Amino acid sequence: MKQLGITGFIVISILGGLAFPSAVHAQDSLLTYEHPDRPPTMEELLEWKEVFTYKVKFGFFKLGEVKTTIIRDTTYQGQKIWWLRTVITSNSGIPFVGEEENHYNTYMVETDSTPYTKLYWRDNLDEDEFEAEVYEFDYEKEKVYISENMSPVDTLSLTEPSSSGQLIFYYSRLFAGTNQDYRLPVYLEREKGYIDATNSTKGEMRNYDAFEEPVKTYFSEGDADIDGPFGFRGKFKAWYIADDLRVPAEAHAKVWLGNVKVQLIDYKKERR
């Protein structure tokens, strides 16, 4: 079945299962503005356990929801990594979409410059397909090993710190609200491509279900020359809240169904 499409800023999420404040006005207080003049560092982002929930809309129709978070840090092949998970569920009442639940997982290595992926895998829960696709990044051998349904299918060359798309959810926030562009190498669909984005310092007030009052945001736009995370390809637009953590708030992108909008409807965080 087609994977439910999302956008370029890339909502990537997870159910946290934690006791966070539930009232909308309490979520407003989770936004902090101690250094709003600059974006966060990876170290600052990882100080918090954030849980994001987004609605995905196609015209007037709600296609589904996306939930993302970093579950925890752990060890993989003797190296400390962060486990990022996104859960995408579809609205079963939408024609040509059906009932879908896909879990996207990334083992990410934190660095002072470019974070990179060590392992990526997708579980298709609605069809009981676990490890439906796996990308293993071997930086010593400069290879990406790809398997589907637990069987090897391809090997690609690896020449730089890379990801399988999910990483953009954190990487893009390091540049939001600046005039600095970025390029993220991505391995998906058995090929390598790039997500390129341009950022802006111009602020814009926008409304989101996750917050009681309008919030100031920064705009970003870009282009993906590969079938990107969750089915988007080509040009995309994204908005980030102008707070200390540059919370990803909205994205517009083209997927297999057409143009979709992804908007933040719930945000929770607590210090790790």
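All values derive from a computational prediction rather than experimental measurement. (Residues numbered from 1 in each chain as written. Predicted model: local features only at pLDDT ≥ 70, side-chain atom pairs only at ≥ 80, totals over all residues. Heavy atoms only, no water.)

Asker: Please provide a residue-by-residue account of the overall build of the chain, values included.
Answerer: The number of helices and strands found in the chain is three helices and 14 strands. The long-range share in the chain, meaning contacts at least 24 apart out of those at least 6 apart in sequence, stands at 55%. A total accessible area of about 12100 Å² is found for the chain, and carbon and sulfur atoms account for 47% of it. (Helix = DSSP H or I, 4+ residues; strand = E, 2+ residues; numbered from the N terminus. Contact = heavy atoms within 4.5 Å. Areas by Shrake-Rupley, 256 points an atom, 1.4 Å probe, with all protein chains shown as cover.)

Asker: Describe in detail a negative patch on the surface, supporting the description with residues and values.
Answerer: On the surface, a cluster of negative charge is contributed by Glu189, Glu191, Asp223 and Asp225. Summarising the element assignment, aspartate 223 is placed in strand 11 (residues 215–224). Judged by its relative accessible area of 31%, aspartate 223 is partly exposed. (Patch = residues over 30% accessible without salt bridge, like charges linked within 9 Å, V, L, I, M, F, W, Y side chains within 5 Å. Salt bridge = Lys/Arg side-chain N within 4 Å of Asp/Glu carboxyl O. Lys, Arg positive; Asp, Glu negative; His and termini not counted. Charge placed at Lys NZ, Arg CZ, Asp CG, Glu CD. Buried < 20%, exposed > 50% of the residue type's maximum accessible area, 1.4 Å probe, protein only.)

Asker: I'd like to hear about the pairing of strand 3 (residues 79–90), residue by residue, with values.
Answerer: Two strands pair when backbone bridges link them, and strand 2 (residues 61–76) and strand 3 are joined in this way by twelve bridges, in the antiparallel orientation. Across the sheet, residue threonine 69 finds its bridge partner in strand 3, namely arginine 85. Bridge count between strand 3 and strand 4 (residues 101–109): eight bridges; the pairing is antiparallel. If you follow leucine 84 over to strand 4, its bridge partner there is threonine 106. (Pairing = 2+ DSSP bridges.)

Asker: Describe in detail the environment of threonine 201, supporting the description with residues and values.
Answerer: Relative to the elements of secondary structure, threonine 201 occurs in strand 10 (residues 191–206). As for threonine 201 and alanine 242, which are separated by 41 residues in sequence, their C-alpha atoms are 9.6 Å apart. Apart from residues lying up to four places away in sequence, threonine 201 is in contact with Gly177, Thr178, Asn179 and Tyr218.

Asker: How would you explain the packing of aromatic side chains if you had to name every residue and give the values?
Answerer: Enumeration over the complete set of coordinates arrives at 18 aromatic pairs. Pairing tyrosine 120 with tyrosine 135 gives two aromatic rings, centres 5.9 Å apart and planes at 65°, and the pair type is edge-to-face. In this pair, tyrosine 120 sits in strand 5 (residues 116–124) while tyrosine 135 sits in strand 6 (residues 129–138), placing the two residues 15 residues apart along the sequence. Both residues of the pair, tyrosine 120 and tyrosine 135, belong to the buried class. Each residue in the set Phe52, Tyr54, Phe169, Tyr170, Phe211 and Tyr267 is aromatic and connected to the rest through ring pairs, giving one cluster. Cation over ring: arginine 173 sits above tyrosine 170, and NZ or CZ is 5.2 Å from the ring centre. The ring of tryptophan 239 carries the charged tip of arginine 206 above its face, separated from the ring centre by 4.2 Å. (Phe/Tyr/Trp six-rings, centres within 6.5 Å; stacked < 30°, edge-to-face > 60°. Lys NZ or Arg CZ within 6 Å of the ring centre and 35° of its normal.)

Asker: I'd love a proper account of unusual backbone geometry, names of residues and values included.
Answerer: In this model, glutamate 131 sits at a positive phi of 55°, which is unusual for a non-glycine residue. Mapped onto the fold, glutamate 131 is located in strand 6. Notably, arginine 190 is not glycine yet its phi reads approximately 65°, a positive angle. Considering the arrangement of structural elements, one finds arginine 190 in the loop between strand 9 (182–188) and strand 10.

Asker: I'd like to hear about the pattern of salt bridges, residue by residue, with values.
Answerer: Across all of its chains, the model carries 14 salt bridges by this definition. With a closest N to O distance of 2.8 Å, arginine 38 and glutamate 44 form a salt bridge. Taking relative accessible area as the criterion, arginine 38 reaches 31% and is therefore assigned partly exposed. Across the pair arginine 183 and aspartate 196 runs a salt bridge whose closest N-O atoms are separated by 2.7 Å. A residue pair is termed long-range when its members are at least 10 positions apart, and arginine 183 in strand 9 and aspartate 196 in strand 10 qualify at 13 residues. With a relative accessible area of 27%, aspartate 196 lands in the partly exposed category. A network of salt bridges, in which partner residues are shared, links Lys62, Glu65 and Lys67.

Without other data, these values stay purely geometric and don't point to any function.
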